[in-house]
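As a plain string of letters, each chain reads:
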Amino acid sequence: MAAASSSDYDGCGAESNEANSKWLDAHYDPMANIHTFSACLALADLHGDGEYKLVVGDLGPGGQQPRLKVLKGPLVMTESPLPALPAAAATFLMEQHEPRTPALALASGPCVYVYKNLRPYFKFSLPQLPPNPLEQDLWNQAKEMSLPSVPVFLEVSGQFDVEFRLAAACRNGNIYILRRDSKHPKYCIELSAQPVGLIRVHKVLVVGSTQDSLHGFTHKGKKLWTVQMPAAILTMNLLEQHSRGLQAVMAGLANGEVRIYRDKALLNVIHTPDAVTSLCFGRYGREDNTLIMTTRGGGLIIKILKRTAVFVEGGGEVGPPPAQAMKLNVPRKTRLYVDQTLREREAGTAMHRAFQTDLYLLRLRAARAYLQALESSLSPVSATAREPLKLHAVVQGLGPTFKLTLHLQNTSTARPVLGLLVCCLYNEALYSLPRAFFKVPLLVPGFNYPLETFVESLSNKGISDIIKVLVLREGQSAPLLSAHVNMPGNEGLAAA
């Protein structure tokens, strides 16, 4: 399939500078009259001649007159009516002998139609017809798997006879993950909005939601990342470039953009004349990397990825950032600025050495202060693993009587702490404490214990001071930890 010149595509309002684009504009027909979505597009070598065709389950204009269309290049090769609206299309191999030409499975209404050589071959109705006896075991195992809600998107990985995972996005806004031997979902991913697409990229499940965002999850339900979109997501599909081992997610947005992401990194942005409602990437004709898009108005867009194109993270942003074009309000150079610049040029080495000396002194003083705090237990958090404690104090009241609450917590995982004492050191000329020394009850791990006492201010001049709170172990003189409480002024005296 030959690529058209870039000028053939200018009329649709897309990027005109094809030399800077990673894509060749192969075909654009705004009147193709194709109305479908991504699940109803499939690429396959239907005749075994190496020429890949596009299979389209067309909804028809306004959901009327659904048809099965097969395109070769930009032209419709065959067209046949469907009894109901199509839901999905897929190709698979039925035969083992050569040439192995794929068959087409099309879900339409309550039936699955199988086409071979583009002719009706088998019809499977649900649930009137019994399953094939050869597939009875498969259906029995599938029957044992149950979901809490109706699935709308399915993503399967692995082999049925060995090990497989099935991810189902359901109408209740959750994604359920099942494994081969599980009758019920093993993991559940709760979304904050309804899903609009589900794609598996390597070991990551990429979910599009109605909150205009893409989310990445592991198969165990752990959220990895979130990317916000500039518009609503209309469709999603997988871009897989086998020659470079690239797998990425394509998202068609309501603002006429098709964004390509690898994880949360934006690789490329394609602008289209109309909002894209379906995407399909793969071998078409004899080109390995072809992107096929249909638009909301029924148009057909075909692009070919250049053989020299390399996707780079951040490559989706075209041109310089908008901030680069803004002019800065640079002030005029004053005489002081010029003199300071000359001084820095002449004494640059000496200034740098002085800066480094001050920096080293600052680090040394900080290290000494930290060491002193650890040795004298001045920190509110215990530094030893044997006594994992945490202390903080809260002062309440306007004065002259204050309520001092000490919150003591045992941060150990399993070991309780017993035999602790609390001692308050203060200026007796300024304050009076009825309980300046008391025992601490058994500290259970993880719980916060409030210890309350009252402080009476004795000064009538509004003078305040610091009260030191020490947590001690019975039989030891060195405190385990301490806190300095800055007492507020006596505002009750000022009010009086």
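Coordinates for the structure precede this section.
Residues numbered from 1 in each chain as written. Predicted model: local features only at pLDDT ≥ 70, side-chain atom pairs only at ≥ 80, totals over all residues. Heavy atoms only, no water.

### Focus: unusual backbone geometry
Turning to step 1, where the next piece is worked out: Despite not being glycine, Gln65 shows a phi value in the positive range, around 55 degrees.
Turning to step 2, where the next piece is worked out: Given the relative accessible area of 61%, Gln65 is considered exposed.
Turning to step 3, where the next piece is worked out: A positive phi is found at Asp263, a non-glycine position, where the angle reads about 55 degrees.
Turning to step 4, where the next piece is worked out: Assignment of secondary structure puts Asp263 in the loop between β20 (257–262) and β21 (265–271).
Turning to step 5, where the next piece is worked out: Accessibility expressed as a relative area gives 43% for Asp263, which makes it partly exposed. (Buried < 20%, exposed > 50% of the residue type's maximum accessible area, 1.4 Å probe, protein only. Helix = DSSP H or I, 4+ residues; strand = E, 2+ residues; numbered from the N terminus.)

### Overview of the pairing of strand β19 (residues 246–253)
Turning to step 1, where the next piece is worked out: With respect to burial, β19 is a largely interior element, eight of its eight residues being buried.
Turning to step 2, where the next piece is worked out: Taking every second residue as pointing to the same face, both faces of β19 are buried, with Leu246, Ala248, Met250 and Gly252 on one and Gln247, Val249, Ala251 and Leu253 on the other.
Turning to step 3, where the next piece is worked out: Pairing of strand β18 (residues 233–241) with β19 involves eight bridges; the strand directions are antiparallel. Opposite Gln241, over in β19, you have Leu246 as the bridge partner.
Turning to step 4, where the next piece is worked out: Counting the residues that bridge the hairpin from β18 to β19 gives four residues, and of these Gly245 lies at a positive phi of roughly 65 degrees.
Turning to step 5, where the next piece is worked out: Pairing geometry for β19 and β20, over four bridges, is antiparallel. In the strand pairing of β20, Met250 is matched with Ile260.
Turning to step 6, where the next piece is worked out: Hairpin remark: β19 followed by β20, antiparallel, with three residues in the connecting loop; positive phi at Gly256, about 85 degrees. (Pairing = 2+ DSSP bridges.)

### Examining the sheet that holds strand β9 (residues 119–125)
Turning to step 1, where the next piece is worked out: Taken together, four strands build an open sheet; the order of strands is β6-β7-β8-β9 and the sheet is antiparallel. Looking along the sheet, the strands with just one partner apiece sit at the ends: β6 (86–92) and β9. Ignoring strand direction, the axes of neighbouring strands in this sheet form an average angle of 20 degrees.
Turning to step 2, where the next piece is worked out: Pairing of strand β7 (residues 103–108) with strand β8 (residues 111–116), which is carried by five bridges, proceeds in the antiparallel orientation. (Axes fitted to C-alpha atoms, helices over the stretch in contact; angles between N-to-C directions.)

### Here's the deal with the side chain of Asp25
Turning to step 1, where the next piece is worked out: In this fold, Asp25 is placed in strand β1 (residues 23–29).
Turning to step 2, where the next piece is worked out: For Asp25, the side chain forms a polar contact with the side chain of Lys303, separated by 2.5 Å. (Polar contact = N/O pair within 3.5 Å; in protein donor to acceptor, adjacent residues only side chain to side chain.)

### A closer look at the environment of Pro83
Turning to step 1, where the next piece is worked out: As for its position among the elements, Pro83 is in the loop between β5 (75–81) and β6.
Turning to step 2, where the next piece is worked out: Taking the C-alpha atoms as reference points, Pro83 and Gln65, separated by 18 residues in sequence, lie 8.6 Å from one another.
Turning to step 3, where the next piece is worked out: Residues contacting Pro83, with those up to four places away along its chain left out, are Ser108 and Tyr113. (Contact = heavy atoms within 4.5 Å.)

### A short note on the environment of Pro120
Turning to step 1, where the next piece is worked out: Here Pro120 is to be found in strand β9.
Turning to step 2, where the next piece is worked out: In this structure Pro120 comes out as exposed when scored by relative accessible area, which is 73%.
Turning to step 3, where the next piece is worked out: Separated by 15 residues in the primary sequence, Pro120 and Ala105 place their C-alpha atoms 10.0 Å from one another.
Turning to step 4, where the next piece is worked out: Setting aside residues up to four positions removed in sequence, Pro120 forms contacts with Val114 and Tyr115.

### Section: the sheet that holds strand β15 (residues 204–209)
Turning to step 1, where the next piece is worked out: The strand order β14-β15-β16-β17 describes an open sheet built from four strands, whose pairing is antiparallel. Edge strands, defined here as strands with exactly one partner in the open sheet, are β14 (195–201) and β17 (223–228). Recorded for the sheet is a direction-independent mean angle of 20 degrees between the axes of neighbouring strands.
Turning to step 2, where the next piece is worked out: As paired strands, β15 and strand β16 (residues 213–217) are joined by five bridges and run antiparallel to one another. Across the sheet, the residue bridging to Val206 is Gly216, located in β16.

### Observations regarding the side chain of Thr405
Turning to step 1, where the next piece is worked out: Locating Thr405 in the fold gives a position in strand β26 (residues 401–410).
Turning to step 2, where the next piece is worked out: Beyond its immediate sequence surroundings of up to four residues, Thr405 is in contact with His392, Ala393, Val394, Gln396, Pro450, Leu451 and Glu452.

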